[in-house]
Amino acid sequence: MESRSSRFPFPFQPYTIQESFMEALYTALDQGKVGIFESPTGTGKSLSLICGALTWLRDYEEQKKLEAARLLDGPEKKCDAVKEENSTSQPSEPDWVSEFVQKKAERDMVNKLKDEELKRKKREERLEMIRHNAQLRYAMKRKASEDDEAVKLLQLSREGAESETLNPEEEGLIVAEYESDDEATVCDEDDDEDLEEDHVTKIYYCSRTHSQLAQFVHEVQKSPYGAAVRLVNLGSRQNLCINPEVVRLGNVQMMNDRCLEMQKNKHEKASDSETKRRRGVAKATCPFSGFENLMAMRDEVLVKVRDVEQLLQHGRETHTCPYYSTRMAIPAAQVVVLPYQSLLHASTRKASGIKLKDQIVIIDEAHNLTDTISAIHSAEISGAQFCRAHSQLSQYCERYRSRLKAKNLMYIKQILFVLEGLVRTLGGQMCDIFELLTINDFLFKAQVDNINLFKRSSQCGSDVLDVSEQQMAVEDKPIMASPMMQVESFLFALTNSNKDGRVMIQRQECLSQSSLKFLLLNAAVHFAQIVQECRAVIIAGGTMQPVADFKEQLLFSAGVTEDRILEFSCGHVIPPENILPIVLCAGPSGQQLEFTFQTRDTPQMMEETGRVLSNLCNIVPGGVVCFFPSYEYEKRILGHWESTGILQRLQSKKKIFQEPKKASQVEQVLSDYSKCIQVCLCFGQTGALLFSVVGGKMSEGINFSDDLGRCIVMVGMPYPNIKSPELQEKMAYLDKHMPHIDGKSPGKALIENLCMKAVNQSIGRAIRHRGDYACIVLCDHRYARSGTLQKLPEWIRSSTHTHTTFGPAFASNNNYFKQQQKN
């Protein structure tokens, strides 16, 4: 019998927890589960995901091949699925009818399998030739002119988060999606069919940041599957465009506008020559979008795993656009790597050519998945953007009124009416600076409740309303991005169910600075399609605790049943003695540590915190990372320490660093912090002290391994601002629509869970590999509550010690580091 270790190809002998992780993952994929997988950083989570998922995919593809071969082997071999399906037919049917239906179904299935097998063999042969650097010459004839090729690119490029441009000269493009009976639309549908390629079973992997995606791709490259797997790395134009004229614009929306304008210019090149001569304006086209080159790069992408930088390099070498070629490679890919937005946003999925039906989705770094979905589907637009959109659309309507059909003119006037209504809501008495409304109440207030916002929002994102080309026609480059994309996002947000969202009106003295913001309260409505369509969904993270609200708010509300959920949580690879988590209830002078809003600003509490930190710096070698609950409190306590001399005492023990406010400075601060620790260790000094903020730039995704993080200090409990209107509305929504477990308010549970998720992310910055060790000090007696302790990751909770006085805690720390230094 095959052993567990041999079942999953691995670059080295896997740890026991990695084998368990892959076994659970394989089961979840095979049984079509929604899996919640927790694996601490340093346990090889990415590699386990890769090897476990790709092993399942390998076995699944082999099983499909065997089944297809069995069915194609001879007509006498029947399909069990067909027999079972036809056995449910009405018993009153004559036998000859049942037999005819069964034989027809069998013939149809065999023909479908033959077609799939032929396509599979052709694809594998073509890719194998490229893989061995064979001279592959395309024998296919161009089925379309240069004009048709550009149309195909435009069809691939409709991206929900991107806007498209309009050629005002061509009324035929206006409101094209509503001319469903026109011959032109029928032709477009035929083009879509020609362009479509069958999607093989694949794994969609998404994560939060581009650096995390790049790390995953590098892990795939090092894995046993790196040489054979067909992987596509998706990104935005900002990441993948190689056209200098577009890249120099910098702003992502302006880049989208310019790229799409070039594609349309290419489309109009042959058909609109008279118009261009009349206007005297030469329209630029993209030199990197040749169709045959794109097809060639599509295949090159599939035969070798490349990260974004390698895709850019290959694109420049071959003079081919990586942005479009990667999208053309999606159907044949086995793994598609993409950012959150491209997967979690339905219109962006559709625009990118992503089809989730019966596919596998892996969402990594998913500890804040609910908040991420809410943020993606929320929308904010300023008064200035409303006014610009109204001005541009009015000018467009006036300039081209004589060329517009009556129906198209009506659509534009309706959108102008909607914009006027939305702007009116930003006016009124300044005593009503802030207002929070349900969707229906807001629509009534704006007097647009009788308008079909589904149609109006789709018009904003289509060829109807992107009037930015009026600016482009003057200087042949966009001066500023069109505001119609923001208008579309906001109008589309208003199509949510009345109970699932709120509209926040923020008024300022100047209308241009006022704004409207849509808040999504129910993330499950946008996650439901994913869990319903996919074969299996894996939600993974280093720290997923607490998961109770996650399941209730996101999974159960999306229609996922308890029996479809599979939970897996593993311990760390380190031995238990390598970690010392301590709940510290009191400081050196006996002052109880309680950082509530009422007590944390008292001089006594701030000075006691300084004494705790000073004592720890005396015994902790290397780096100490201290997390404060907010930037405001960090500023306040550091100011008090400076005025009382505590900061100087800390500085005499360890060099002090502080998290920068600008993201661009983070790398430099970390580099200086690391170098300081290395130098201090060489010269016998004690190291460095880094002040950070929970939820800040250094609380997620930063690696404080080894001497960079020998001690993590958490000052207080980082509860969110309970007075926030958005949070209050979310709590009220949960209290109304979610079950009260053990009599506890779901809204209050949300506050506690948000706090502990942030804590778990921060303290997880230390202990990054098997030989690492660190102490974690939770400074607040409230951490000792049983309900709070249960929200810590199990591998930390099982080793946690609570100390009601400072002396035993200090002694425990001192002995711990002495023992580690001996080892």
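The structure reproduced in this document is the subject of the present report. (Residues numbered from 1 in each chain as written. Predicted model: local features only at pLDDT ≥ 70, side-chain atom pairs only at ≥ 80, totals over all residues. Heavy atoms only, no water.)

### Some words on the pairing of strand E5 (residues 360-363)
Then, number 1: Of the two faces of E5, the one lined by Ile-360 and Ile-362 and the one lined by Val-361 and Ile-363 are each fully buried.
Then, number 2: Alignment of strand E2 (residues 203-207) against E5, held across 4 bridges, turns out to be parallel. By the bridge assignment, Cys-206 is partnered in E5 with Ile-363.
Then, number 3: Of the strand pairs in this sheet, E5 and strand E10 (residues 536-541) are connected by 4 bridges, and their pairing is parallel. Within the sheet, the bridge partner assigned to Ile-360 lies in E10 and is Ala-536. (Buried < 20%, exposed > 50% of the residue type's maximum accessible area, 1.4 Å probe, protein only. Helix = DSSP H or I, 4+ residues; strand = E, 2+ residues; numbered from the N terminus. Pairing = 2+ DSSP bridges.)

### Description of the sheet that holds strand E7 (residues 434-438)
Then, number 1: The sheet built from 4 strands is open, its strands ordered E6-E9-E8-E7 with antiparallel pairing. A strand with exactly one partner marks an edge of an open sheet, and here the two such strands are strand E6 (379-382) and E7. Averaged over all pairs of adjacent strands, the angle between strand axes in this sheet comes to 15 degrees, irrespective of strand direction.
Then, number 2: With 6 bridges joining them, strand E8 (residues 501-506) and strand E9 (residues 515-520) adopt antiparallel strand pairing. When the bridges of E9 are listed, Gln-506 appears paired with Ser-515. (Axes fitted to C-alpha atoms, helices over the stretch in contact; angles between N-to-C directions.)

### Here we look at the nonpolar core
Then, number 1: Counting residues in hydrophobic clusters, the biggest one holds 67 residues, and the most contacted among them are Leu-344, Ile-363, Leu-369, Phe-527 and Ile-539.
Then, number 2: When residues in this core are grouped by element, the largest group, 7 residues, is from helix H13 (residues 291-303).
Then, number 3: Excluding anything up to four places from it in sequence, Leu-344 contacts Arg-349, Ile-363, Leu-369, Thr-372, Ile-373, Ile-376, His-377, His-526, Phe-527 and Ile-530.
Then, number 4: Counting residues in each nonpolar core, the second largest holds 39 residues, with Met-717, Ile-767, Ile-776 and Leu-789 among its members. (Core = buried A, V, L, I, M, F, W, Y, C linked by side-chain atoms within 4.5 Å. Contact = heavy atoms within 4.5 Å.)

### Some remarks on the environment of Gln-529
Then, number 1: By the secondary structure assignment, Gln-529 is in helix H25 (residues 524-533).
Then, number 2: As a C-alpha pair, Gln-529 and Leu-344 span 185 residues in sequence and 9.7 Å in three-dimensional space.
Then, number 3: Residues contacting Gln-529, with those up to four places away along its chain left out, are Ala-346 and Arg-349.
Then, number 4: Reaching out from Gln-529, the side chain makes a polar contact with the side chain of Arg-349 at a distance of 3.0 Å. (Polar contact = N/O pair within 3.5 Å; in protein donor to acceptor, adjacent residues only side chain to side chain.)

### Digging into the pairing of strand E17 (residues 774-779)
Then, number 1: The buried fraction of E17 amounts to 6 of the 6 residues, a majority that puts the element mostly inside the structure.
Then, number 2: Of the two faces of E17, both are covered, the one formed by Ala-774, Ile-776 and Leu-778 as well as the one formed by Cys-775, Val-777 and Cys-779.
Then, number 3: Bridge count for strand E12 (residues 579-584) against E17 is 6 bridges, and the pairing is parallel. Directly across from Val-583, in E17, lies its bridge partner Leu-778.
Then, number 4: Of the strand pairs in this sheet, strand E16 (residues 711-715) and E17 are connected by 5 bridges, and their pairing is parallel. Bridge pairing links Val-713 to Val-777 in E17.

### A short note on the side chain of Thr-201
Then, number 1: Of note, Thr-201 is situated in the loop between helix H7 (183-195) and E2.
Then, number 2: Here Thr-201 falls in the buried class, since its relative accessible area comes to 13%.
Then, number 3: Leave out the neighbours within four places in its chain, and Thr-201 touches Trp-56, Leu-57, Tyr-60, Glu-61, Lys-64, Gln-334 and Gln-359.

### Details of the packing of aromatic side chains
Then, number 1: This model, assessed by the stated rule, comprises 20 aromatic pairs.
Then, number 2: Ring plane angle 10 degrees and centroid distance 3.5 Å describe the contact between Tyr-205 and Phe-216, whose orientation is recorded as stacked. Taken together, the residues Tyr-205 in strand E2 and Phe-216 in helix H8 (residues 210-222) connect sequence positions 11 residues apart. Of the two residues examined, Tyr-205 and Phe-216, each falls in the buried class.
Then, number 3: Their ring planes at 75 degrees and their centres at 5.0 Å tell us that Tyr-816 and Phe-817 sit as a pair that is edge-to-face.
Then, number 4: Look at Tyr-816 and you get buried, because its relative accessible area is 8%.
Then, number 5: Take Phe-817: its relative accessible area is 2%, and that puts it in the buried class.
Then, number 6: Note that Arg-7 overlies the ring of Tyr-26, its terminal NZ or CZ placed 3.8 Å from the centroid.
Then, number 7: Looking at Arg-710, its charged tip hangs above the ring of Tyr-773, at a distance of 3.7 Å from the centre. (Phe/Tyr/Trp six-rings, centres within 6.5 Å; stacked < 30°, edge-to-face > 60°. Lys NZ or Arg CZ within 6 Å of the ring centre and 35° of its normal.)

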